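Residues per chain are reported as follows:
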Amino acid sequence: MSSLLFEASSLLASGVPQPTRQAPGELTAKVDTVLGIAAWAGTAAGVAGVLITGAMMAISLKRGESSEHMSRLGMVLGGCVLVATAGPLVGFVFN
């Protein structure tokens, strides 16, 4: 039964075109520019998040308030890790 399904699928898929994976040069340059800006913005947002969380920790310590700053810091650092590893992760999945 499985050999019959394999033959049927190869017969049906024989007419499907297989395009190349190469994008036009002008498009790749524009996409690289947009991705570079997004990566820079993600990195800047991560640094700003760490600075803001540190400032909030210092202010609340001086006031004697107790907040959950470590969970915020963990979320910010988790976002930083995602931004830093986004390219390699996508490359690993699709290559």
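Above: the structure in question.
These figures come from a predicted structure and were not determined experimentally.

## Overview of the overall build of the chain
Secondary structure summary: the chain contains three helices and zero strands in total. Counting from the amino terminus, the chain carries its helices and strands in the arrangement α-α-α. Its C-alpha radius of gyration of 24 Å places the chain more than 25% over the 12 Å reference for a compact globule of 95 residues. Summarising its shape, the C-alpha atoms of the chain cover approximately 75 × 40 × 15 Å along the three principal directions.

## A few points about helix 2 (residues 25–63)
Its 39 residues place the ends of helix 2 57 Å apart at the C-alpha level, agreeing with the 57 Å of an ideal helix rising 1.5 Å per residue. Here helix 2 has its buried residues at Gly42, Gly46, Gly49, Thr53 and Ser60. Where helix 2 is buried, its residues meet helix 3 (69–94). Within two residues after helix 2, glycine 64 carries a phi angle of roughly 85 degrees, on the positive side.

## Comments concerning a nonpolar patch on the surface
Taken together, Val90, Phe92, Val93 and Phe94 make up a surface patch of nonpolar side chains, about 490 Å² in accessible area. With respect to the helices and strands, phenylalanine 92 occurs in helix 3.

## Description of helix 3
The end-to-end C-alpha distance of helix 3 is 37 Å, a good match for the 38 Å that 26 residues give at a rise of 1.5 Å each. Along its length, helix 3 reaches its greatest deviation from straightness, about 55 degrees, at threonine 85, and the proline proline 88 lies no more than four positions downstream.

## Focus on the packing of helix 2 against helix 3
Remark: helix 2 packs on helix 3, axes separated minimally by 9 Å, with the N-to-C direction vectors making an angle of 165 degrees. With respect to helix 3, the axis of helix 2 lies roughly antiparallel. The element helix 2 and its partner helix 3 pack so that their crossing is left-handed. Contacts between helix 2 and helix 3 involve Ala39, Gly42, Thr43, Gly46, Gly49, Val50, Thr53, Met56, Met57 and Ser60 from the first element and His69, Met70, Arg72, Leu73, Val76, Leu77, Cys80 and Val83 from the second.

## Thoughts on the environment of valine 76
On the secondary structure map, valine 76 appears in helix 3. A sequence separation of 29 residues divides valine 76 from valine 47, and the C-alpha atoms of the two residues are 8.8 Å apart. If we skip the residues at most four places from it in the chain, valine 76 touches Gly46, Gly49, Val50 and Thr53.

## Some thoughts on the side chain of serine 60
Summarising the element assignment, serine 60 is placed in helix 2. In terms of polar contacts, serine 60 uses its side chain to reach the side chain of histidine 69, at 2.9 Å.

What counts and how
Throughout this description, residue numbers start from 1 for each chain and increase along the sequence as written. Only residues with pLDDT of 70 or above have their local features reported here, since the model is predicted, and side-chain atom pairs are shown and tallied only from 80 upward, although totals for entire chains, interfaces and linings are computed over all residues. Hydrogens and water molecules were not included; the side-chain quantities draw on all heavy atoms of the structure. Under the scheme used here, helices are H or I runs from DSSP no shorter than 4 residues and strands are E runs no shorter than 2 residues, and both carry numbers assigned from the N terminus. For a compact globule the rule gives 2.2 Å times the number of residues to the power 0.38, and the radius of gyration it is set against comes from C-alpha atoms. One less than the number of residues in a helix, times 1.5 Å, gives the span that helix is expected to have. Exposure categories follow from relative accessible area, calculated using a 1.4 Å probe and restricted to protein chains: below 20% of the type maximum is buried, above 50% is exposed, and the middle band is partly exposed. In what follows, residue pairs with any heavy atoms lying within 4.5 Å of each other are defined as contacts. Like charges within 9 Å and nonpolar side chains (Val, Leu, Ile, Met, Phe, Trp, Tyr) within 5 Å are joined into patches, using only residues over 30% in relative accessible area that form no salt bridge. The protein chains shown are the only cover counted for residues, whose accessible areas, like all others here, come from Shrake-Rupley with a 1.4 Å probe. By definition, a salt bridge exists where a carboxyl oxygen of Asp or Glu is found within 4 Å of a side-chain nitrogen of Lys or Arg. Working definition for bend: take the seven residues up to and ending at a residue and the seven starting at it, fit an axis to each, and measure the angle between the axes. The angle between two axes is taken between their N-to-C directions and runs from 0 to 180 degrees, where each axis is a line fitted to C-alpha atoms and a helix contributes only its stretch in contact. Here the word oblique covers every angle except those under 35 degrees (roughly parallel), over 145 (roughly antiparallel) and from 65 to 115 (roughly perpendicular). Here a crossing is taken to be left-handed if its near helix is turned anticlockwise relative to the far helix by less than a right angle, and right-handed if that turn runs clockwise. Contacts described as polar in this section are N or O atom pairs within 3.5 Å, which, within protein, must combine one atom able to donate a hydrogen with one able to accept it, while residues neighboring in sequence count only if both atoms come from side chains.

Keep in mind that these numbers describe shape and distance, not what the molecule does.
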